Amino acid sequence: MTVTTAHRPWYFAIPVIGWIARDLIHGTRDNILYFLVILLTLLVLAVKTWGLVALAMTALATVPVIFATLILITLGK
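Note that the coordinates shown come from a computational prediction; the quantities given were computed from them, not determined experimentally.

Visitor: Just to check I follow, could you spell out the overall build of the protein chain for this structure?
Guide: Within the protein chain, the secondary structure is distributed over three helices and zero strands. Along its sequence from the N terminus, the protein chain presents helices and strands in the succession α-α-α. Taking 77 residues into account, the globule formula puts the C-alpha radius of gyration at 11 Å, and the protein chain, at 17 Å, lies well above it. When each of the 77 residues of the protein chain is scored for burial, the buried share is 8%.

Visitor: Could you clarify how one ought to interpret helix α2 (residues 30-50) in this entry?
Guide: It helps to recall that an α-helix has 3.6 residues per turn; residues three or four apart then point in one direction. Look at α2: 30 Å from first C-alpha to last across 21 residues, which is about the 30 Å you get at 1.5 Å a residue. With its phi angle positive at about 85°, Gly 51 sits one or two positions after the end of α2.

Visitor: Which parts of the structure should I look at to understand the side chain of Asn 31?
Guide: For Asn 31, the location among the structural elements is in helix α2. Assessed through its relative accessible area of 19%, Asn 31 is described here as buried. Among all residues touching Asn 31, those that are not within four sequence positions of it are Asp 23 and Leu 24.

Definitions and limits used
Here the residue numbering is sequential within each chain, running from 1 through the sequence in written order. Where local features are concerned, this predicted model is filtered to residues with pLDDT of at least 70; where side-chain atom pairs are given and counted, the filter is 80 or more; whole-chain, interface and lining totals use all residues. Here the side-chain values reflect all heavy atoms present in the structure, with hydrogen atoms and water set aside. Elements are defined by DSSP. Helices are runs of H or I of four residues or more, strands are runs of E of two residues or more, and each kind is numbered from the N terminus. With C-alpha atoms as the basis for the radius of gyration, the globule rule is written as 2.2 Å multiplied by the number of residues raised to the power 0.38. Throughout this description, buried means an accessible area under 20% of the type-specific maximum (1.4 Å probe, protein chains only), exposed means over 50%, and partly exposed covers the range between. To estimate the expected span of a helix, subtract one from its residue number and multiply by 1.5 Å. Throughout, a residue-residue contact means that at least one pair of heavy atoms, one from each residue, lies within 4.5 Å.

Shown next, in the form of C-alpha cells:
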C-alpha cells in the first residue's frame, strides 16, 4: 500500500533550491531577508573573484525581470 502525499511543486525536489523555496513558502517572514543577504553575499564574493564581469552578468540576468515588471506596471496589474 502506498501513502499519498499532498501535491508539492517540482522545485522542492532540488536539494539546495528546494530547501530555500520550502523555507520561503512555509517559514517565517525573516527567511526572505536571510535569502536576500545570502544573494548579496554571493554577489560580493563573485565580484571579488571575477571582478566587474560578475556584476555585469548579474545586471544582464535581471534585465528580463525588470522588463516584465515594467510591462506589468504599464498594464496596471
